[in-house]
Amino acid sequence: MRRYDPRLIFGVLLVLGGLLSLLDATGVISNGGGIFWGLIFAAGGVFFLYMLTNNRENWWLAFPAFTLLGLAASSFLPDSLEPYDSLVFFAGLSLGFWWVYFTGTDRWWAIIPAGVLLTLGIVSVLEDVSGVETGGLFFLGLGLTFILVAVLPGEKSGRTWALIPGVILLLFGALLGTPYSGITDYLWPAILIILGGYFVLRFFTNRSPE
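Below is a short write-up of the structure. If you're wondering where the values come from, they're calculated on a predicted model, not measured in any experiment.

Calculation notes
- Residues numbered from 1 in each chain as written.
- Predicted model: local features only at pLDDT ≥ 70, side-chain atom pairs only at ≥ 80, totals over all residues.
- Heavy atoms only, no water.
- Helix = DSSP H or I, 4+ residues; strand = E, 2+ residues; numbered from the N terminus.
- Buried < 20%, exposed > 50% of the residue type's maximum accessible area, 1.4 Å probe, protein only.
- Contact = heavy atoms within 4.5 Å.
- Areas by Shrake-Rupley, 256 points an atom, 1.4 Å probe, with all protein chains shown as cover.
- Expected span 1.5 Å × (residues − 1).
- Patch = residues over 30% accessible without salt bridge, like charges linked within 9 Å, V, L, I, M, F, W, Y side chains within 5 Å.
- Salt bridge = Lys/Arg side-chain N within 4 Å of Asp/Glu carboxyl O.

## Some words on the overall build of the chain
Looking only at helices and strands, the chain features 8 helices and 0 strands. Relative to its 210 residues, the chain shows a buried fraction of 33%. Counting contacts in the chain only where the partners sit at least 6 residues apart, residues at least 24 apart contribute 51% of the total. For the chain, the accessible area works out to roughly 12,900 Å², and carbon and sulfur atoms hold 71% of it.

Shown next as structure tokens:
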């Protein structure tokens, strides 16, 4: 079987880039550069996704796969949808972690970055599009993420602790921007004290008698 020369791939990419630039310059399409890089990112994402689906033991491949697919999707967006770039990109990153969790629920830790990244994407697009204050929404997203850590399927042992920061963060987010927002000055110390006390209590109650 004849081996592929890297110069062939490089040449095809140059021709593709030239054609897209020409179509962009003549007004046939817009965002020619974005489409060019989007196709390259998409090709890389599909490659890693193919490897991932053929051997799910290599779950770490979900990270480059969905990161590149997220970059591709954001690159394809036209200029009119530019404010949504960050949401699409962060959603791609989040999908990688959700894949890791749902293909092995013992990897519950992936829920936390998945929820945080999705929250960041939603917050960023709301700030760009509407200009509203999103501090409260950010903490609501964090709180919901920790609640999901505690209640989603998988190994439950030792995960009930997530309910404590989850509920406090939900309260924190709900109070921001209200006349009662001053209460939030006391919630961070409360999170540290309650969560620290929980782990100390678990340490002493789980000790086997000598």
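## Side note on the side chain of T145
Counting through the fold element by element, T145 comes out in helix α6 (residues 135–151). For T145, the contacting residues outside a window of four places in its chain are I111, I112, G115, V116 and T119.

## Description of the environment of G115
Looking at the element boundaries, G115 is found in helix α5 (residues 111–129). Taking the relative accessible area as the measure of exposure, G115 reaches 8% and is therefore buried. Sequence separation between G115 and L148 is 33 residues; the distance between their C-alpha atoms is 8.8 Å.

## Concerning α5
Given a rise of 1.5 Å per residue, 19 residues ought to cover 27 Å, and the 27 Å separating the end C-alpha atoms of α5 matches this to within 8%. Burial in α5 covers these residues: I111, A114, G115, L117, T119, G121, V123, S124 and V125.

## Some remarks on a nonpolar patch on the surface
Side chains of L118, I122, L137 and L140 sit close together on the surface and give an oily, nonpolar patch of about 270 Å² of accessible area. Listing elements by their share of the nonpolar patch, those giving two or more residues are α5 and α6. Inspection of the secondary structure assignment puts L140 in helix α6. For L140, a relative accessible area of 31% gives the class partly exposed.

Coordinates in, geometry out; function isn't part of it.
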